[in-house]
Structures are given as structure tokens and as C-alpha cells.
Amino acid sequence: MIAEQLAANIIYGLLLGGVYGLATMGLSLIFGVLRVVNVGHGAFIMVGAFTAFWMFTLYSIPPLASIVVAVIVGLAMGFVVFMTIIRRLLDAPELSTLLATFGIGVFIEELSKFFWGPDYVGYSWDIGGISLPFTELPFTKLYAFGSSIVIAALLYVWFSRTKLGKAIRAVVEDKEGAMVCGINVNMVYALSFAIGIALTVTSGVLVTLFTPVGINVYMGGDYTLKAFVIAVLGGLGSPWGAFYAGFIFGLLENGSYTLLGLIPGVEPFGLTRFVSFTALLLILLLKPTGLLGGE
Amino acid sequence: MLLKLENVTKRFGGLVAVNKLDLEVEEGEALGIVGPNGSGKTTLYNLISGVYIPDEGKIIFEGKDITNLPPHKRAPLGLARTFQIPRPFGSASVRENVAIGAMFGRAHAGVDEALEMADEYLKIVGIYELRNKEAKLLTPLEKKLMELARALAMKPKLLLLDELLAGMNPKDIDKIIDLIKRVKEEENIAVVSMVEHLMHAITKFAERVVVMHQGRKLLEGPTIEVLNHPEVIEVYLGGRVV
Amino acid sequence: MRKKVFVLVLVGFVLFFAGCAQQPEEKPTTTTPAATPTGPKEETLYFGAPISLSGKFAKEGQMSLWGMQVAAQWINENGGIKVGNKVYKVEIKYYDDESKKESVQSLIERLATVDKVKFILAPYSSGLTMAAAPIAEKYGVLMNSHGGASDYIFEQGYYYVVQTLSPASKYQTGFLDMVKTLDPDAKRLALVYEDKEFSRAVHQAAKEYAEKLGFEIVYEKTYPAGTTDLSPILNELKAANPDVLIGGGHFADGQLLAQQLAELNINIKAISILVAPSLPAFYEALGTKAEGISAPAQWETGVKYSPEVAEKLGVEWYGPTQEEFIKMFKDLAGEDAEPSYHVAEAAAAVLSYAKAIEKAQSTDVDRVREAMNDLEFMCVYGMWSIDPETGKQVGHDMVIIQWQNEEKKIVWPESAANAKPCYPMPTWDEKAEGKTCGS
């Protein structure tokens, strides 16, 4: 009985972790390349969630297809935000970028509220699932997990094999050296920011695949906090670290449930947050730069 | 005329690092720039490669005014440089490092072509066997050679070498000079080599030499003549030499 | 000489503006259309109210104000409040509390001391009501809670604070009564709820009540706010095999709970979730999955309370019928506006004051408060009667709404119901095939 519950928890933890991982990669990428902390991170996840919602509700477009829409929306938003605001802040003190990205997040939330209202919405894409003896696995969650892995893998290949990908990695290593080699650093910044935002918006679609209800213009806030924890855990600036750390976080949040429940008198779910943060602290004590963090 | 600097001045606050400098480099030339510490050599290089923009004056490359052009736009025109302390892309492989030069320099190569070019230049420079090693693990000499290969992969018309030979032993210095001379001939590159101390090396390499002092051109002319000029010796040693 | 004149003029200006500043910045209180009976002496009786016209409770505040104004209008058009040979017209004197505790406290003080108002309608929300209570108590003015459901407020020993809406402890108890009546054998109860103050209060009280009714608590777990995945809890819940489930907290987790119960194919005979199912958005988000899910509500348009029902139950009816109520509301708020439960709550508070004053035949605060101890009546909002000792509302029932055939129906209590409860709820598979409740 306990074993079954444990197994179910671990599966759910992994599935959730995949979504968490992708939702954090954008944040890590933007910090890694531009050294900008995007405090408005959650607002972009929310945009992705609403993208999936509207595509499904208005045009009956299944969420998996909405991923394409989300990527386009994300790239467009990323470019616009970079060109108008971020570009001017690259040499500004850190506090300015924190305030600016925070302001951008609030702006997006309020603008969304103006158009979409403050209600909690959702959609039903009922496509069945796998029935295991100890639990049910809806296909939507499996698709979310799978998409996350596919996107992360595609991104990895893109970064290591393509010209632009290598240019971005060069800029991360040595901005001036890259410039002298002929790399247009500003364009690299714009592209990286746009890709980071596109990743974040896309993860919003996956979040709704995982949880198709409770979509609301202020939903981003919870995700921002978790994303920061996961980003630090994975090593700030390493998107791959963030991806792995997402899994660990998902496992801690859900996977530890049954184990914690074994401790008498403990209310497990109330504790999972404590557990996640404690684990974070422990890992940072052992490896201060995070799992895959560099210098 | 490949490169022309007209009346170029660069100030940093109250300090004038480069002062009304005129300079000309011909196609295929082997030029030496020499001067003691603080004479403005590094600033000059940064002005030519575009890291700094001059406060006054003009920089013309192949007849085109590049004074205000950012570095990444000068590279495709045919300008490449090495750094006194090498700047490798540490976590990439040696091969990838050189390929970056091929991709974003004048050759504009695609990824596969660039990797092939990288192999070629690594062989020329003599570190082909290190091609898959992570760049940050190389010895300082190997890093310098890699950076040279990367600069060459940019197919430059003008190559700026910044204290390339500093810290090398005499045998390596001779080898590198021969290598540079060979490539220079084959690919018609104008090579400007900047040194502070290695006069013998400059003598072997450069036909012409410019001596800088306090941001100005002190003297210019055929190498041996200039280097033996009393004024030059005084600037370096602060006194007369017997 | 010039200098002296200048100084005099300056002083004159200062005095002039200082004098102007002394006027209280009084918002114009709406004049309720005064009926014009001649005869008995007519006086105005003020009910004071801090209203959240701005800030986070602005929507609810506005609704409450409309409710008060509708009730005052009805009272004035129907004979006013008769005390001895006087007829009192009701007027609502209100100020904007900006949804802030400090403003509420200073406004109560001002209403009591400056405006000399003896009957106060509490601000919206338990938090603000709790902040106002000690001030009202201190000045010995009556305060009637129409938007603060927390039991805690009424356990502090405040004599002058009474309650019109149902307290938190009664939110889920009506549902348990309903299930017990429909199926005495459904004994296995599970609670899965948000770990926040209000939800905890609701479900702790419900748990105690359930045990008294003979339910067996087979599973109880809380979850923190902002949880994205309830699967671990629900997986365990499935193994406990409950008949009945109560829980939830707010919009997002309420929707999540229902969604994941469906996902994990956990079939339960009756489910009551706080807050979320009462919104149309719930059905829009969940589709047929929402069929048969219930929620407690203070009031809904469509409840069957009426003079006829009151007569059948042998209680007095007071105030407008639902049709009149809705019409007067729309006259104030606009043809397209729909009254929320806040409107009815606030109206009932005003009506209860009128009734109590008439019963006491006095506007003295202590006499009115005493009259409330055994006052019982029904109005558009439902029953009204308080516990003499604490002032808590005991007469009013939470109504249970249930989604039936894409519509929100009122299924409990019988005096309010406009449909029969659908029990047991169809299974998730049945719902997926399109089976609805009550069809």
C-alpha cells in the first residue's frame, strides 16, 4: 500500500518536475547570457497559460498545437521588451533591472486583467489516460512531460550545433572576445532574451496541460518564486541545470509526500515546502554554485 | 593603402592615451609597433579593432571610413587581432574556438565548413592534436597558438598581434615568426606586431617599425635604423647607452 | 502700513480656509425617495456604515451599499419604522473606508461620536469587521455584521456586535444535514481543504458537527495555498473510499480539486467545495465534470423564501419579496446588474434593525439589543435570529447550490430550494459520456 502510494508520488513528482524544469529554463538562460534577473517571470507563464486557454476555447486548437503559437508569441514579446526596455538597462545597476522587470511583470498582469478579466478560467481537454493499478495517469500530463523533454532536447541541440547557438555560448564566455571575432553581441542579447521569454511562455501552455483549471491573471506569482528556487538550485545561468533542478524540485514537492506522511503527527503537504527549501539550502552548502553552476 | 589613421586622439578623463596619431599600413606589410609601457600601444589596438571609438580623427580601412563602426562590423571587413593575455572561449573545444573565427569573420562560414577550416588552421599552427580538448585546459603557449589560429580563420586582411611572443622561449619564437611569415605570404595578410621588449624578434619580422611614446608617434622607419636611433634608446632606458 | 495690511489679509485667508476645512468631508448620502405621509411626526433615523468604495473590497462594498439602500427605500415606502407616535425614515450615512483597517476604526469612532449614529452596519469582510468591533463596543453603539462571517468575532464577548450572515462554522454543516437526510447510510466523510484561516474554521466546525451527526471521518488532509498538484493527497483519498467529501478554500484550488478528482477517477456520492463552484466560471472551466458538485452560499437569486413560505413555517415575513428586491436593485444599479449575495446580506441587516427597533418600541441601543434576543423573522435573505449570548446568527441557513444540467440550482434547505438535490452524483465516466444531474 505504502509502496504503491510512493510509486504514484514519484511518478507525479517527475511529471510535475518536467514542467517546472522547462518553466525555469528561460529564467536561467536570460540570467546566464544577459545577467538580467527577470522578476516578472511569472507573468509570462501566465500569458502562455491564457494562450492555451484562448486557443482551445475560441478555436478548438489542442494545447499541443498551441505550443507553436506560444513560441511565436513569446519570441515577439521578448524582442519587443528587449528593444524597448532591457537594451537600455544592460549597463545599469542591478536594482534598475530588478525594478524594470518587476514593473514589466505587473504591467503585463494588469493589461491582461483589463482584457481578460480577473476570473479563474479553465478548459477541458479530456483525452483519457493510462490506468495503472495504483493510480491514473492522464495523457495530458504525459504530454506535458514529453513536450518539456522534447523542447529541452531541441534547445540543447540548437545551442551546440548551430551558428547562432555557438554565438550565444561565445558571448556568455567572453563578450569582448566574441565582439572582436565578429559576433554582434547586441543581437545575441536580443535573441537570447527572446528565446528565454519564448521558453517561459511555452511552459505556460504545458502548465495548463498539467492543470487545466485555475487559470488567472495573477497565477504567475507562485511560479516566479518556485522558478527562482529551482534556478538557484540548478546553478544560476545554466538552463540545463535549471531543467534537472526542476525534476528534483518536483520530486521533493510531490514525491516526498508519502515518506513524510510516515512520520507520525506530520501534515505532509504543509511540510513539502519546508522540505524543498531545506534541500535547497543543503545542496547549496555542499555546492554553493548550484548543481551545474559554473564560476 | 589598407589602413589609415588620421589625427586620431583618445582621451580617458584627463589622460590622453593616443595623441593626434597618424599611421598607415600597406597591404601585405609586416609592421612593428614598439614602445615602452604606457605609450598607448594597447589603446591604439583597441581603436583599430573598434573596442574604443576615437574622440578625434578618422580611421579608414580600404578606403572606407570605419571610425564609428562597432567591432563586430569590422571583423567581416577583414580585421582580426590576438590578445596579450589570450581570451579563449573556455568551455568550448579548441576546434570550436577556431571555428567561431571562421563563422563570424570575413569567411562567414557555415558550421560544418567552419569546423573544416578550423582543422586546417590548427594544422598550420601545429596544435591539431589538441582540437577536441577543452580550451580552458590548455597551456598558455597553446592558448596563444589557438588564438592565432582563430584570428587566421577569420581570413583577415589585417592581423593585429598583441605581444604574441611574450613569454616564449627563443626556439618557439623563431618557429612562430617563420609560421607567421609563411601565412602572411600565402594569404596576403598585413601583419602588425606589437611588442614592448622583444627587439630581436621585431628585427626578424618587421620591415618597418613605428615607435610610440606617450601617445604619440616618436619615430617611424626601417626597423634596424629606427631601433638603433639614440632617441629611441633614450626613451627606453631613460639615458644614453654606451 | 502696507506690511500690516498684507499680514491681516494673510491671516484672513488662513482663517477662511481653516474654517472651510472644519466641514466634514461628507459624501452625499443618497436621499431615499421619501414617502410623504402626513400625520404622525416624521423623523430621520440614520444607520451608519463604513463602506469599501475603493481598495480591494470595492466590488463587495458597492454591492453592500446597494443592498442597504434597497432595504432603506422599502422601509420608507412601507410605513417607515413606527415607534410610539413617531415615524422614522431610514437614511444610510456612509463613508469610504478604502478597505483599510485604520480607516474603518476612525470612521466608526466618527459615526458614533460626531454623527451620533447609534446603529452601525459593519464593513465588509471578517478582517475589517473584527477591527471595527471593539470600537463599536467602546462607544456603546450597535453594530450589525453583514459581511464578516468569522466565528471569532463573536467569541470575544462583544455585547453590541450582532450578526446577520451565517458564521463560518455553519458553511458546510447544511450540506451534511442534507446528505444525512438523503442517505443515512452514507457515513464515510472525507475533508480536503485549504490550510488558511477561513477554510480551517469552516471545516473544523464541520468536522465536529459531522461527528455529532454520526459521520465517520475516514480522511482529513489540508494543503497549502498555491498548491499546483493535489495528486498525492487525492491518491490517498481514493484508497480511503469515502462517500462524501467536503473541502476547498478559494477559486483556484476549488477548481483544481474537482479537476483532479475527475482525473484520478475518484467517485464520490456527494461533494461540497467552498467558493469555487458558485461561480459560472466553474462550469465553464470543467464542463460536465462540474455536474452534481455543490457549494454553500449565503444567498442566491432564485431562493424560494417568500411570504407564503414564511406563513407555512409560522414565522413573520418582513421586507420586499424577491421580485421587488431585484427590481429595486436594478433601479439603483442598472438594468444589467445582477444582485450578489452581498446585496441581500446588507439588506437583511438593515431590515433586522428596523424590526428590532419596532419590537423594542425604542431607539435606545440597549433596549433594541435586548429586543433582538428573541426576534425571529424571514426576509428575502432567509431566516434571521441570533444567539442572545454571543450575537451570532443562528436562524439563517447557508443554501446549497448544485450544478444540474448546466444550471446552478438551489437544493437546500427546503424552504429555499428550487430543485431537488441530485444524489448520488453521477460517476466521472458517466459525466464524460454526457450524463447530467437532474435531467
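Residues numbered from 1 in each chain as written. Chains lettered and ligands numbered in written order. Predicted model: local features only at pLDDT ≥ 70, side-chain atom pairs only at ≥ 80, totals over all residues. Heavy atoms only, no water.

Caption draft 1: The domain arrangement of chain C, seen in detail. All names here are of chain C. Looking at the assigned domains, one finds that chain C contains domain 1 (27–166 + 303–397) and domain 2 (170–297 + 398–432). Relative placement of domain 1 and domain 2: their C-alpha centres are 31 Å apart. Contact residues are listed per partner, giving eleven residues for domain 1 and eleven residues for domain 2. Taken together, the two surfaces of domain 1 and domain 2 that pack against each other cover about 990 Å², and 62% of this comes from carbon and sulfur. Between domain 1 and domain 2 we count one salt bridge in total. Our count for the contact surface shared by domain 1 and domain 2 stands at four residue pairs in polar contact (both at pLDDT 80 or more). (Domains from an automatic or database assignment. Contact = heavy atoms within 4.5 Å. Buried area = accessible area lost by both parts, 1.4 Å probe. Salt bridge = Lys/Arg side-chain N within 4 Å of Asp/Glu carboxyl O. Polar contact = N/O pair within 3.5 Å; in protein donor to acceptor, adjacent residues only side chain to side chain.)

Caption draft 2: Expanded view of the packing of aromatic side chains. Inspection of every chain in the model, using the stated rule, returns 29 aromatic pairs over all chains. With centroids separated by 5.7 Å and ring planes inclined at 70°, the aromatic side chains of Tyr20 of chain A and Phe249 of chain A adopt a geometry described as edge-to-face. Of the two residues, Tyr20 of chain A is situated in helix 1 (residues 2–34) and Phe249 of chain A in helix 10 (residues 239–255); the sequence distance between them amounts to 229 residues. Judged by its relative accessible area of 3%, Phe249 of chain A is buried. Note on Phe50 of chain A and Trp116 of chain A: the rings are 4.6 Å apart at their centroids and 20° apart in plane angle, and the pair reads as stacked. Remark: Trp116 of chain A occurs in helix 4 (residues 94–116) and Phe50 of chain A occurs in helix 2 (residues 41–59); sequence separation between them is 66 residues. Assessed through its relative accessible area of 31%, Trp116 of chain A is described here as partly exposed. Here the aromatic residues Phe50, Phe53, Trp54 and Trp116 of chain A are joined through ring pairs into a cluster of three or more. Sitting over the ring of Phe83 of chain B, Arg87 of chain B keeps its end group 4.9 Å from the ring centre. Of note, Arg110 of chain C hangs over the ring of Tyr95 of chain C, and the distance from its end group to the ring centre comes to 4.6 Å. (Phe/Tyr/Trp six-rings, centres within 6.5 Å; stacked < 30°, edge-to-face > 60°. Helix = DSSP H or I, 4+ residues; strand = E, 2+ residues; numbered from the N terminus. Buried < 20%, exposed > 50% of the residue type's maximum accessible area, 1.4 Å probe, protein only. Lys NZ or Arg CZ within 6 Å of the ring centre and 35° of its normal.)

Caption draft 3: Summary view of the interface of chain C and chain A. Taken together, the contacts link 33 residues of chain C with 34 residues of chain A. Linking chain C with chain A are four salt bridges. Counting only elements with at least two residues in the side of chain C that touches chain A, the list comes to strand 8 (216–223), helix 7 (231–240), helix 8 (251–263) and helix 9 (280–286) of chain C. Along the lines of polarity and charge, the residues of the side of chain C that touches chain A split into 15 nonpolar, eleven polar and seven charged. (Nonpolar A, V, L, I, M, F, W, Y, C, P; charged D, E, K, R; others polar.)

Caption draft 4: Examining the pairing of strand 1 (residues 41–51) of chain C more closely. All names here are of chain C. Here strand 1 runs beside strand 3 (residues 86–96); their pairing, made up of eleven bridges, is parallel. Opposite Pro50, over in strand 3, you have Tyr95 as the bridge partner. Two elements, strand 1 and strand 4 (residues 119–121), share two bridges in a ladder whose sense is parallel. Looking at the pairing, Gly48 lines up with Ile120 of strand 4. (Pairing = 2+ DSSP bridges.)

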